Amino acid sequence: MSFAATGAAIQTRTLANGMQIIVWPDHNIPSVALFNWVHVGSRNEGTGTTGLAHFFEHMMFNGTAHRSQGEFDRLLEASGGSNNAYTSQDVTVYQDWFPRSTLELVFELESDRLANLAFEPKVVEKEREVVYSERRLRVEDSNPALLNEQVQATAFIAHPYRIPTIGWPSDIKAWTLGDLQNFYRTWYAPNNCTLVLVGDVEPAQVFALAEKYYGPIPRGPATQPVRTVEPEQTGERRLVIERSGQNPLVQMAWHAISADDPRAPALNLLQTILTQGDAARLHRLLVEERKLAVEVGSGWSEGFDPNIYSVYATLAEGASTSDFEQALNGELARLVDQGVTDTELARAKHQVAASFWRGVSTLDGKARLLGEYAVLHGDYRKLFTAPGAYERVSAAEVLAVARAVFKPEHRTVGVLLPRAADGH
Amino acid sequence: MVAVTILAAAGDGVAAVPAAPVSVDHVNVPVPAHERVTLPNGLRLILVPRHDIPLVAFNLLLRGGAQLDPPGRDGTAALAADLLTHGAGKRDAYAFADAVEGSGGNLDAAARGEFIQVQGQFLAQDSRVMLELLADAVLHPRFDDGEFEKLRARRIEELKAAKDSAPQSLLGNYGRARLFAGHPYGRPVGGSEQSLAQITRADVTGFYSAQAGADRATLVIAGDFEPARIRRDVAAIFGGWQRAQNPLPALAPTARVSGRRVLLVDSPGSTQTYFWLANVGVPRRFPQRAALNIANLAFGGSFASMLNQDLRVKAGLTYDASSRFTRGAVAGDFAITSFTQTDNTGRAVDLALATLGRLKHDGLDAAAIGSARNFLLGQYPLAFETPFDWAVALGDLDLYDLPESYIGHFGSDLVATDASAVRAVIDEAFPSPDNLDIVLIGDAARIREAAARFGPVTTIPLAAPNFSAR
């Protein structure tokens, strides 16, 4: 059976309150992955309330009008289910993995927290500390993450992609209960959610449960679109951080494209050509041949609005960041002049195809991809045309997207220079 | 008991749904049909044909690993494994990477404490190329001098970079160096900055030629292939692999420590303290494995576990608190890991010790045992979805000489585990809070006083090039 044919088993339903449900039956193992994609991320935040979308990812586990703090996890685990959640600049995704016998309980728990979340002041204060601990772990004790936060905030001056998803420290300390309630009412409504189920289920059974548990939740207000468009950058921006540590870091970023841009497959193939694997171009040149970096990577976040494409590198202790920058800029200049070779493009296409097959070999991977295409690319069916879209990309299209992205005047350069720790 | 609690709490809508699978047949994950062949040179081959997606996965395990590193040269096995894929047969490092990536495959080699593993996945149409590349890597590595120097330098820099970006990832290296001092389990698998600097190319080639051999290897291939053809190809390609020069030495047993002592790893300016509380646990072949999994899940293996509830949910002291057993041919470590804001270090460690004390004293009630059992029953099938999962799982069984029922009857073993078995495991496998090796990575000037409450303190700088105070 072809991949497109397996996708024919997918069924969708939109409830009267606007909630979209997508079901992909897969009976390989007696398990189910259910992902609720809430269409809110840090791009929907404003001054003073940065980090709120991520904070909700935490609060959604902290009790409802009917259930005390911790009960969500206790009930789900006692029925064989596990869960997690993540927040990005664009979306907040709640993930449950469970045996098929737990399906109704999961609907009950998920719909309850979408409709009846509790805001207990003491619980909020403790969770504030937990989130601050997460910020210390992920950002403040990590030089690459700290540099990335600064590059993102420098590359964007107007669009809310400048906001770090975990939030600025002063905002984490200062949100009010009113901010939380307002955010919940605005964004956590059925018409702002896409529910994806993959696994040992039948669509009719899922739709009946969806009607029963989500049907009674009223539609929320229409959400405000992000209106701000980042003005075109007209010259290089540069920032330097000096911080205790051992290895210099460089991150260069250019304004790029959005997830639904038709050039997205070409940019992903270019990313593969530049940094995916030991044969990739920038790895060969900067790590293996010229030994200017210990590690080099690159990528972009596929979102609703055009985000940045970053190349980031860890340098050896004492190595020169300007030598690295010069070599990287030279190679990118060569790229936009001469493009990529047919061999490089063919290799990248094989890598993308194999990675696609690995992605759709698990319930988790299917739920992730289905949600990404449904929410960020606008239609889940694009998942099934994606392999063909990648196959058709030409070397000329890769060159065109490289020329559109790697413009020196659209560049932000971040450098982290380590200084020896002060002894005690 | 548990089912009743859930039904009452979840309301009418859930009453029709049983909280846990009821039949023992249903709770077990069936091990897929597979064949086993041993080649005349001793190579053990396991074939698991599955045709649902057009991929073939492999997992080659070479017994030995970092436990055989020469004294003072920790990281030798890791460098040898790394170099297997950086030039082999007629291909230099670039040509090898190009051949793997050009067919959309992956092929990665890494050393572990007790073995070297070479794993990967290719499109089904490329299974012959896959076997040839794998055989080149394992039978004909070049250990090119330039590649050796580059990789060694890179691994040293990566250890430094980990200190700037993820100090918690090094807790185990510091902790094991002390807990297992003098035993191979105490050596950092990837080496230290100091030991890597000592290693020569001759150490690496000497290690590999002495330790690699067909009779030490198990190769599992799983996925979309025709067994007769793969069997023929493997015999042709791997048939000439020699046996290892010597028998594999047995590992000495490990011993628990008594009392408490603290290793303080000084990271000036760090905003929080990362901590590790450990003692020697149990080996891989520990017979009460279902009870052990239940007990550790309930104590520190999930979000609703005692540790995470006490430190994160109730106290707001951390983002994460957990515990795990590392189980090898002999007993590895049991460790509690968490982190907290610098000024809360004493409070968080106190709380972790108190939670461990509560487990040892009170044990687990029926609800906690039932919940952990159901969680494991519900999550277990998700670990066996893909051909790659089966290649890893069957290789692991072969390596530790475990029966298929280790996977296939795990569900019924969980169902059969009662409260007394769990109590016995808590008594036997979990350490007392009075007997722990403690590692704290944090700002010594601010936490030294708190650290001293937990035992005699030894301090080393995070920037030092090795993981022990010696």
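Residues numbered from 1 in each chain as written. Chains lettered and ligands numbered in written order. Predicted model: local features only at pLDDT ≥ 70, side-chain atom pairs only at ≥ 80, totals over all residues.

## Considering the overall build of chain A
The following threshold applies: Helix numbers and strand numbers start at the N terminus; a helix is a DSSP run of H or I with at least 4 residues, a strand a run of E with at least 2. Values of the radius of gyration come from C-alpha atoms, whereas the globule rule sets the reference at 2.2 Å times the count of residues to the power 0.38. Exposure classification rests on a simple neighbour count of other C-beta atoms within 10 Å of a residue's own: a residue reaching 20 or more is buried, one at 12 or fewer is exposed, and one in between is partly exposed. C-beta atoms are placed from the backbone. Contact criterion: two residues are in contact if their C-beta atoms, reconstructed from the backbone, are within 7 Å.
Looking only at helices and strands, one finds 16 helices and 11 strands in chain A. Relative to a compact globule of 424 residues, whose C-alpha radius of gyration would be 22 Å, chain A shows 23 Å and is just as compact. When its C-alpha atoms are laid out on the principal axes, chain A stretches across 60 × 60 × 40 Å. Here chain A holds 424 residues, and the buried ones make up 50% of them. The long-range fraction of contacts in chain A, counting pairs at least 24 apart against all pairs at least 6 apart in sequence, stands at 80%.

## Things to note about the overall build of chain B
Looking only at helices and strands, chain B has 19 helices and 12 strands in total. Expected size for 470 residues packed as a compact globule is a radius of gyration near 23 Å; at 24 Å, chain B falls within 12% of this value. Dimensions of chain B, computed from C-alpha atoms along their principal axes, come out at roughly 60 × 60 × 35 Å. Within the span of chain B, comprising 470 residues, buried residues form 54% of the whole. Relative to all contacts within chain B whose residues are 6 or more apart in sequence, the contacts with residues 24 or more apart total 81%.

## Let's talk about the environment of Ser301 of chain A
Residue and element names in this part refer to chain A. In this fold, Ser301 is placed in the loop between strand S9 (295-300) and strand S10 (308-314). Sequence separation of Ser301 and Ala259 is 42 residues, and the distance between their C-alpha atoms is 8.1 Å. The contact partners of Ser301, leaving out residues within four places of it in the chain, are Ser88, Gln89 and Asn307.

## A word on helix H10 (residues 264-275) of chain A
Residues and elements named next belong to chain A. Test applied: Each helix should span, by expectation, one fewer than its residue count multiplied by 1.5 Å.
Its 12 residues place the ends of H10 17 Å apart at the C-alpha level, agreeing with the 16 Å of an ideal helix rising 1.5 Å per residue. Among the residues of H10, Ala264, Pro265, Ala266, Leu267, Asn268, Leu269, Leu270, Thr272, Ile273, Leu274 and Thr275 are the ones counted as buried. In the core, the buried residues of H10 are packed alongside helix H11 (281-289), S9, helix H13 (342-359), helix H15 (382-392) and helix H16 (395-405). Downstream of H10 by one or two residues, Gly277 has phi in the positive range, about 95°.

## A closer look at the domain arrangement of chain A
Residue and element names in this part refer to chain A. Worth spelling out the cut-off: What counts as a domain boundary in this text is fixed by an automatic or database domain assignment.
By the assigned domains, chain A splits into domain 1 (3-213) and domain 2 (237-419). One C-alpha centre belongs to domain 1, the other to domain 2, and the line joining them spans 27 Å. Contacts between the two partners involve 33 residues from domain 1, matched on the other side by 31 residues from domain 2. Put simply, the parts of the chain that give the side of domain 1 that touches domain 2 at least two residues each are helix H1 (3-7), strand S2 (20-25), strand S3 (31-38), strand S5 (92-99), helix H6 (143-155) and strand S6 (193-199).

## Focus: the interface of chain B and chain A
Applicable threshold: All amino acids are sorted into three groups, where Ala, Val, Leu, Ile, Met, Phe, Trp, Tyr, Cys and Pro are nonpolar, Asp, Glu, Lys and Arg are charged, and the leftover types, Gly among them, are polar.
Of the residues lining the interface, 68 residues belong to chain B; the matching set on chain A comes to 65 residues. Every element with two or more residues in the side of chain B that touches chain A is listed here: helix H1 (2-10), helix H4 (93-102), strand S5 (115-123), helix H6 (145-165), helix H12 (306-314), strand S10 (331-341), helix H14 (366-379) and helix H19 (444-452) of chain B. By residue number, the principal contributor to the side of chain B that touches chain A is H6 of chain B, which donates nine residues. Counted by class, the side of chain B that touches chain A contains 32 nonpolar, 24 polar and 12 charged residues.

## Things to note about the domain arrangement of chain B
Accessible area lost during the coming together of the parts is what is often quoted as the interface size. Residue and element names in this part refer to chain B. Here chain B is described as being made up of domain 1 (35-238) and domain 2 (260-461). Spacing between the C-alpha centres of domain 1 and domain 2 amounts to 28 Å. Taken together, the contacts link 29 residues of domain 1 with 26 residues of domain 2. Taken together, the elements giving at least two residues each to the side of domain 1 that touches domain 2 come down to strand S2 (44-49), strand S3 (55-63), S5, helix H7 (171-179) and strand S6 (217-223). Of the residues contributing to the side of domain 1 that touches domain 2, the split by class is 15 nonpolar, eight polar and six charged.

## Considerations on the sheet that holds strand S7 (residues 260-266) of chain B
Residues and elements named next belong to chain B. The condition that has to hold: Two strands are said to pair when DSSP picks up at least two bridges between them. An axis is simply a line fitted to the C-alpha atoms; with a helix, the fit covers only the stretch in contact. Between two such axes, the angle follows the N-to-C directions and lies from 0 to 180 degrees.
Spatial ordering of the open sheet is given by S9-S10-S8-S11-S7-S12, a layout of six strands whose pairing is mixed. Each edge of the open sheet is held by one strand with a lone partner, namely strand S9 (321-327) and strand S12 (457-461). Neighbour-to-neighbour, the strand axes of this sheet turn through a mean angle of 20°, independent of strand direction. Bridging between strand S8 (residues 272-280) and S10 involves nine bridges; their strand directions are antiparallel.

## Some remarks on helix H13 (residues 345-362) of chain B
With 18 residues, H13 of chain B extends 26 Å between its outermost C-alpha atoms, agreeing within 8% with the 26 Å of an ideal straight helix rising 1.5 Å per residue. Backbone geometry just after H13 of chain B places Gly363 of chain B at a positive phi near 70°.

## What to know about the sheet that holds S5 of chain A
Residue and element names in this part refer to chain A. Reading across the sheet, the six strands line up as S1-S2-S6-S3-S5-S4 and stay open at both edges, with mixed pairing between neighbours. Every other strand in the sheet has two partners, leaving strand S1 (11-14) and strand S4 (82-87) as the edge strands with one partner each. Strand-to-strand twist across the sheet, computed as the mean angle between neighbouring axes with direction ignored, equals 15°.

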